Amino acid sequence: MKKEIGFLKELTDLRATSGNEGSVREFLRKAYEPVADRIETDGLGSLAAYHGSEGPKILAVGHMDEVGFMVRSITKDGYVRFSRCGFFFVCGALSQHYTIETEKGDVDAICSLGPGTEDKGFPQIEDLALDIGCKSEEEARELGVRVGDFIVPKGHFEALGKDGKYLVNKAWDNRIGCAVALRVMEDLKKTGHPNIFIGGGTVQEEVGTRGAATLAEMVRPDIAFSLDIGTADDVCGSKKEEAALGKGPELTFMDNMTLSNRKLIRFAVEVAEECGIPYQTSIMKRGGTDAGKFQFANTGIPVLLVNVPCRYAHTPTSMIHYDDYKNTIRLMAEIVRRLDGNKVQEICRF
Ligand SMILES: [Zn+2]
């Protein structure tokens, strides 16, 4: 467990705002090299790693990007205004540490509170600015800060709780999906499977699931799984009516862009029950995932949202549970092993 948690720390500490996923792509490419039969990238930078040479194409990937910001302007007195790349919660953005990735190198920053914040509640994200300890626009420019530079929250990894299984860091959304896909392929390589399994990762999910469209066009899968995070609502003060940490992967029926295929959900539930893998069912109240684009591959394909429950997503202090991660890997590997040409035809047929 310790070694695997070290791997997850390394993966979530990497910086990859939407459109700037290079570090995660290279990390995954290296990790897939000993496992995959071949690896390719599409024109936007999504990564596909293939295992198996015949059978239906089963795609199961997470997205490599994370929510962050981009420099919009520098004020006369040396503050950095920014725009969101993806839906970053205002309450999670305030008083946090950031890195501005400039051509001259990294510039450290904190998010200022702005005048009167304590009286008026949360400001609009557009009203916030980064404080980089500069007196003037010229000073900020001397450090290398320019309009268009990417801004990423700093990672701060912690393993909480008595058994250290409550894992906190930025970017669980969605490095955890990338990690699941990789571990599933490693497992499938050991045991064998009757499919062409495609893992890897997409780009630009947080700004509109763009890399999913190009990856689906390149791979042309028969069935696709979007491996992402789901909203755990077992937070303090909630009614705890849906998903909770530690109770297994979420099989999600619907988000704003996708209806998971019902036959595929039934199949996943059967597999989970047969193998004694805990699972939860849920509906995503807001947002869409890559499955929304995967479903349009070919003339339309069955998709399923498989989500690792996550608290405080889209903030730098998101939290997952280690057991949910392991159980998502188990479930996905068992699903792919049990899918074959006949089963896929049965699921796809109308
Ligand atoms: Zn996500």
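For the structure itself, consult the block above.
So, here is what we can say about the structure in this document. The structure presented is a predicted model; accordingly, all values stated were derived computationally and were not measured.

Moving on, we get to the coordination of the zinc ion. Those donors, His63 (NE2), Asp173 (OD), Asp228 (OD) and Asp228 (OD), are the protein atoms that reach the zinc ion, and they lie 2.0 to 2.8 Å from it. Mapped onto the polypeptide sequence, the residues donating to the zinc ion form the spacing pattern H-x109-D-x54-D. One end of the pair, His63, is in strand β3 (residues 57–63); the other, Asp228, is in strand β13 (residues 223–231), with 165 residues separating them in the sequence. For His63, a relative accessible area of 1% corresponds to the buried category.

On the surface, a cluster of positive charge is contributed by Arg262, Lys263, Arg266 and Arg349. Here Arg266 shows up in helix α8 (residues 262–275).

Inspection of the secondary structure assignment puts Pro249 in the loop between β13 and β14 (250–252). According to the relative accessible area criterion, Pro249 is buried, its value standing at 0%. For the pair Pro249 and Val308, spaced 59 residues apart in sequence, the C-alpha to C-alpha distance is 5.1 Å. Discounting residues that sit within four places of it in the chain, Pro249 has contacts with Pro278, Tyr279, Gln280, Val306, Asn307, Pro309, Asp324, Asn327, Thr328 and Leu331.

Our next topic: the nonpolar core. One finds Leu8, Tyr32, Phe225, Tyr325, Met332, Ile335 and Leu339 to be the most contacted residues of the largest nonpolar core, which totals 62 residues. A total of ten residues in this core trace back to one element, the largest contributor, which is helix α6 (residues 172–191). In this view, Leu339 contacts Ile58, Pro194, Asn195, Ile223, Phe225, Phe267, Val344 and Ile347; residues no more than four positions away in its chain are not counted. Counting 23 residues, the second largest nonpolar core, distinct from the first, contains Val90, Ala93, Ile125 and Ile151.

Thresholds, definitions, all that
Residues numbered from 1 in each chain as written. Predicted model: local features only at pLDDT ≥ 70, side-chain atom pairs only at ≥ 80, totals over all residues. Heavy atoms only, no water. Donors = N, O, S within 2.8 Å, 3.2 Å for Na, K, Ca; no water. Helix = DSSP H or I, 4+ residues; strand = E, 2+ residues; numbered from the N terminus. Buried < 20%, exposed > 50% of the residue type's maximum accessible area, 1.4 Å probe, protein only. Patch = residues over 30% accessible without salt bridge, like charges linked within 9 Å, V, L, I, M, F, W, Y side chains within 5 Å. Areas by Shrake-Rupley, 256 points an atom, 1.4 Å probe, with all protein chains shown as cover. Salt bridge = Lys/Arg side-chain N within 4 Å of Asp/Glu carboxyl O. Lys, Arg positive; Asp, Glu negative; His and termini not counted. Charge placed at Lys NZ, Arg CZ, Asp CG, Glu CD. Contact = heavy atoms within 4.5 Å. Core = buried A, V, L, I, M, F, W, Y, C linked by side-chain atoms within 4.5 Å.

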